[in-house]
Amino acid sequence: MEIRKVTVAGAGIMGSGISQVFAMKGFDVVMVDIKEEFLEKGMRTIKKSLGKFVEKGKLDQVAADEALGRIRTSVALKEGHWADLAIEAVTEDKSIKREVFKALDTCLKPDALLASNTTSISITELAASSGRAPRFIGMHFMSPVPQMQLVEVINGAATSKETTDRIVSLCEKLDKTPVVVEDYPGFVSSRLIITMINEAIYTLMEGVATKEGIDMVMKLGMNHPMGPLSLADYVGLDVVLAAMETLYKGFGDSKYRPCPLLVKMVKAGFLGKKSGRGFYEYT
């Protein structure tokens, strides 16, 4: 069965980006969220992103308009019942994700595939509540989705080889580069980058350097496009903390202990760019 129709659960930065990428490659998409205002914001994000592609000459206006026309929105998951693949891109909360997958299982056709865009939650555990573990897989897109090439394809314990092969092929059709990894806490990308961010926060807390200095070392010394503290603000400090807690719980190793400064900032509501203040201030 060829994958041509996709349901995306979540209209935030990741969900809207995933919807845009599929629509640009000719797939029909239903983007679902719990409130119309979230869907409207997601569509504005997509329109703005497509506009930038047109401005840079990477897409013509006709193609941008056609991509936009392939995306429908709904506040009801059942509206995406015809999908060949459903991708979950909701908040990093295990219980919420489980509920989404239970709902998707009841409305999707029996042979449809399920995927999660989780950054660190166990694919095996999520699959167990999905009702279709052999057809369940991780598709961890990088942010911003339209620009970033990598997709981590994560096998759960029960994921079938057929499912993995189909998702790898699908990523290639999206002009993305799939890397197949196994289901361990944090996979590869989150395990490495989140640990680096946490260590950078320890470095700041201990007064080793200023936040600007720490970011500059990684940008100029390691050729990173963003410093780790700027990246933390972009990702969201609550997301960083949740990922660190997953690593700490999953491995039981003290090297994954969340930095106390990170915990304090999340408790204070300093979540980064989305809240207007993190390690830096945003207006």
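Attention in this report is confined to the structure presented alongside it. Counting from 1, residues in each chain are numbered in the order their sequence is written. Under the rules for a predicted model, residues below a pLDDT of 70 receive no local features and side-chain atom pairs below 80 are neither given nor counted, while totals for whole chains, interfaces and linings still include all residues. To obtain the side-chain values, all non-hydrogen atoms of the structure were included, while hydrogens and water were left out.

Thoughts on the packing of aromatic side chains
- In this scheme Phe, Tyr and Trp rings, the latter by its six-membered ring, pair at centre separations within 6.5 Å, and the angle between planes marks the pair as stacked below 30 degrees, edge-to-face above 60, and tilted otherwise. Applying the stated criterion across every chain yields a total of three aromatic pairs.
- Seen from their ring centres, Phe22 and Phe27 are 5.2 Å apart, and the 90° between their planes marks the pair as edge-to-face. Here Phe22 matches Phe27 in class, with each residue buried.
- Lysine NZ or arginine CZ positioned within 6 Å of the ring centre and within 35 degrees of the ring normal marks a charge as sitting over the ring. If you follow Arg4 out to its NZ or CZ, it ends over the ring of Phe27, 4.4 Å from the centre.
- In this structure, Lys5 is placed above the aromatic ring of Trp82, and the distance from its NZ or CZ to the ring centre is 5.4 Å. A 1.4 Å probe rolled over the protein chains alone gives each residue an accessible area, and that area as a share of the maximum for its type sets the label: buried under 20%, exposed over 50%, partly exposed in between.

Description of unusual backbone geometry
- At the junction of Ser143 and Pro144, the peptide bond is cis and its omega measures out at 0° in the coordinates.
- Numbering of helices and strands runs from the N terminus, with a helix taken as a DSSP run of H or I at least four residues long and a strand as a DSSP run of E at least two residues long. With respect to the element layout, Pro144 can be found in the loop between strand S6 (136-141) and strand S7 (150-155).
- Although it is not a glycine, Asp175 sits at a positive phi angle of roughly 65°.
- Here Asp175 lies in the loop between helix H6 (161-173) and strand S8 (177-182).
- Phi at Asn223 takes a positive value of approximately 60°, unusual for a residue other than glycine.

Some details on the pairing of S6
- Across the six residues that make up S6, a large majority, six, are buried.
- Here S6 shows a buried face lined by Phe136, Gly138 and His140 and a second buried face lined by Ile137, Met139 and Phe141.
- Strand pairing is defined by DSSP finding a minimum of two bridges between the two strands. Sheet topology places strand S5 (residues 113-116) next to S6; three bridges connect them, and they run parallel. Across the sheet, Ser116 pairs through a bridge with Gly138, a residue of S6.
- By convention, a crossover is right-handed whenever its connection, traced from the first strand over the helix to the second and viewed with the strands pointing away, goes clockwise. The parallel pair S5 and S6 is bridged by helix H5 (residues 123-128), and the resulting crossover is right-handed.
- Judged from the five bridges that link them, S6 and S7 form a sheet pairing that is antiparallel. Looking at S7, one finds that Gly138 is bridged to Ile154.

Overview of a nonpolar patch on the surface
- Note on patches: the residues involved have over 30% relative accessible area and no salt bridge, like charges join within 9 Å, and the nonpolar side chains Val, Leu, Ile, Met, Phe, Trp and Tyr join within 5 Å. Areas reported as accessible are Shrake-Rupley estimates using a 1.4 Å probe. Residue values count occlusion only from the protein chains shown. Every case where a carboxyl oxygen of Asp or Glu lies within 4 Å of a side-chain nitrogen of Lys or Arg is listed as a salt bridge. Taken together, the side chains of Ile13, Met226, Tyr234 and Val235 define a hydrophobic patch exposed on the protein surface, amounting to about 330 Å² of accessible area.
- By secondary structure assignment, the location of Val235 is in helix H9 (residues 228-235).
- Judged by relative accessible area, which is 33%, Val235 ranks as partly exposed.

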